[in-house]
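Tertiary structure, described
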Amino acid sequence: MTDLSERATMTRRGLFHGASGLAALGAGLGAVPLMAQDAQPAGLQGNINHSVARWTFGDLPLADLCQLARQTGLGAIDLCGPDDWPVLAEHGLASSMCNGAEISLEDGWADPANHDELTERYLRHIPLVAEAGHVNLICFSGNRRGMSDEDGLRHCAEGLSRILPAARDAGVVLQMELLNSRVNHPDYMCDRSAWGVALCERLQSPQFKLLYDIYHMQIMEGDVIRTIMRDHRWFGHYHTAGNPGRNDPDDSQELNYPAICRAIRDTGYQGWVAQEFIPRDPAPQAAAASLRDAVLTCDV
C-alpha cells in the first residue's frame, strides 16, 4: 500500500490508472526482444532471487508482466493468487508470495472474531498453494482497534495455531507482513519488527515467518541492516521500495539498497527479494527500465 494521500492513484486494491500509465507497457515491450527462458541475464550475479509485486504493475496484463520479468532476470511474481498461477507456470515463473486466503489487511488474526472465517479460508487455500508447487502464503495481523500488544499477540498465536499443522503437512510457510501504521496503514497491529518477532517466538514454528518490508520498517523504526542481521532467522521474505514516496529504490531516496541487500545475502538467505515500488515515471519503457534498474541495484 502507498501513502494515504496517494490512495486515489495507487493502492493494492485500486491500482494505477491514467492515460500514460502501465496499460501501454505490454505494447511498449514489443521493441525489446524477450530473452530465452533458460538464459541468465547479463549482469546478474545469482546471489539474490529477484521478484516483483504484481500490484505495482497492475494495469499490465499478467502475461506481459511475465515477459518483462523473464527479460529482466526475475524468477517469480509476488502477490499472486490461484487464477494467476497457470499464467506464471506458462512463463516458467514461481509465485514468490501467494495471496487470496486473507480477508483484508485490516481484518486479520489479531481479532478473534475473524478466526473461524480465516481458518476456513486458509485451510482451503493451503493445499492449493502446495499443489501448485509454491511455498509462501501471506497473512495479516489486521488492525489494533484499541487492543494491547499483548492481547494482539495472544489472539494471533491462538488463531494461527489452528492452521499451522495444515501448513506443516503441506510444506507451506505463512508469512505475516510488517506494515507501517504511521503513513500507509493506520492502526495496523504488526507494525514493528519486535512485535512480529515476539509472535514468531510464541509460535516456534518453521511454518510461520515475517515478511520484512524494508520500506514500511524504515518508516516505523529504521535501523534496517542491524535488524536484518539480528532477526533474520524470523524473516522469510523481503519487499523493497524507496522512501519517501514508495518509488524507485535509487539514489534519490534515503535507503541504501546495495548495502541492505548485501546484509540479506550475508545472512545466507535463500528466499525471494521482491520489488514493490511504484515506478516514478509510468511511461511504458521508463517503467520497464525502472524495474531493470531496481533489480540491478539490489543484485549484489
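These numbers were taken from a predicted model, which means no experiment stands behind them.

Secondary structure assignment for the protein chain yields eleven helices and eight strands. Counting all 300 residues of the protein chain, 57% fall into the buried class. Of all intrachain contacts in the protein chain linking residues separated by at least 6 positions in sequence, the fraction that spans at least 24 positions is 75%. With an accessible surface of roughly 11600 Å², the protein chain has 50% of that area assigned to carbon and sulfur atoms.

A separate point is the nonpolar core. Core analysis: the largest hydrophobic core is formed by 85 residues, its most contacted members being Tyr122, Leu160, Met176, Leu199 and Phe208. With six residues, helix α11 (residues 284–298) is the largest single contributor of residues to this core. Sequence-distant contacts of tyrosine 122, defined by excluding residues within four places in its chain, comprise Ala101, Glu102, Trp109, Pro127, Leu137, Ile138, Cys139, Ile163 and Leu174.

Proximity of charged atoms lets side chains of opposite charge pair with each other. In this structure the tally under the stated criterion is 16 salt bridges. Of the charged contacts, one joins arginine 124 and glutamate 120 as a salt bridge, the two residues approaching to 3.7 Å between their closest N and O atoms. Within this pair, arginine 124 and its partner glutamate 120 are both found in helix α4 (residues 115–131), separated by four residues, close to a single helical turn. For arginine 124, a relative accessible area of 49% corresponds to the partly exposed category.

So, about the pairing of strand β5 (residues 173–177). The buried count for β5 comes to five of five residues, which makes it a mostly enclosed element. Taking every second residue as pointing to the same face, both faces of β5 are buried, with Val173, Gln175 and Glu177 on one and Leu174 and Met176 on the other. Pairing analysis gives four bridges linking strand β4 (residues 136–139) to β5, with the strands arranged parallel. By the bridge assignment, cysteine 139 is partnered in β5 with methionine 176. Across four bridges, β5 lies against strand β6 (residues 208–213) in parallel orientation.

This brings us to the side chain of glutamate 177. Residue position: glutamate 177 is located in strand β5. Separated by 3.3 Å, the side chains of glutamate 177 and histidine 239 make a polar contact.

Listed in full, the buried residues belonging to helix α10 (residues 257–266) are Tyr257, Ala259, Ile260, Cys261, Ala263 and Ile264. Summarising the contacts, the buried residues of α10 are in contact with α8 (214–220), α9 (224–231), β7 (235–240), β8 (272–275) and α11. Backbone geometry just downstream of α10 places glycine 268 in the positive-phi region, at approximately 85°.

Attention now moves to unusual backbone geometry. The phi angle of most residues is negative, glycine excepted, and most peptide bonds adopt the trans form. The omega torsion of the bond from asparagine 243 to proline 244 falls at 0°, within 30 degrees of zero and hence cis. If you trace the backbone, proline 244 turns up in the loop between β7 and α10. Of note, arginine 145 is a non-glycine position whose phi angle comes to about 50°, a positive value. Within the secondary structure layout, arginine 145 lies in the loop between β4 and α5 (149–160).

As a further point, take the packing of α5 against helix α7 (residues 193–203). Where α5 contacts α7, the axes come no closer than 10 Å and their chain directions differ by 45°. Regarding the angle of α5 to α7, the classification is oblique. Here the hand of the crossing between α5 and α7 comes out right-handed. Every residue of α7 that contacts α5 at Asp149, Glu150, Gly152, Leu153, Arg154, Cys156, Ala157 and Leu160 is listed here: Trp195, Ala198, Leu199, Arg202 and Leu203. Tallied by class, residues from the contact of α5 with α7 come to eight nonpolar, one polar and four charged.

A few words on the environment of asparagine 99. The topology assignment puts asparagine 99 in the loop between β3 (94–98) and α4. Taking the C-alpha atoms as reference points, asparagine 99 and aspartate 78, 21 residues apart in sequence, are found 8.9 Å from one another. Not counting the four nearest positions on each side in its chain, asparagine 99 is found in contact with Leu79, Cys80, Gly81, Pro82, His125, Leu137 and Ile138. A polar side-chain atom of asparagine 99 sits 3.2 Å from the main-chain amide nitrogen of glycine 81.

Conventions we followed
- Residues numbered from 1 in each chain as written.
- Predicted model: local features only at pLDDT ≥ 70, side-chain atom pairs only at ≥ 80, totals over all residues.
- Heavy atoms only, no water.
- Helix = DSSP H or I, 4+ residues; strand = E, 2+ residues; numbered from the N terminus.
- Buried < 20%, exposed > 50% of the residue type's maximum accessible area, 1.4 Å probe, protein only.
- Contact = heavy atoms within 4.5 Å.
- Areas by Shrake-Rupley, 256 points an atom, 1.4 Å probe, with all protein chains shown as cover.
- Core = buried A, V, L, I, M, F, W, Y, C linked by side-chain atoms within 4.5 Å.
- Salt bridge = Lys/Arg side-chain N within 4 Å of Asp/Glu carboxyl O.
- Pairing = 2+ DSSP bridges.
- Polar contact = N/O pair within 3.5 Å; in protein donor to acceptor, adjacent residues only side chain to side chain.
- Axes fitted to C-alpha atoms, helices over the stretch in contact; angles between N-to-C directions.
- Parallel < 35°, antiparallel > 145°, perpendicular 65-115°, else oblique.
- Left-handed = near helix turned anticlockwise from the far one by under 90°.
- Nonpolar A, V, L, I, M, F, W, Y, C, P; charged D, E, K, R; others polar.

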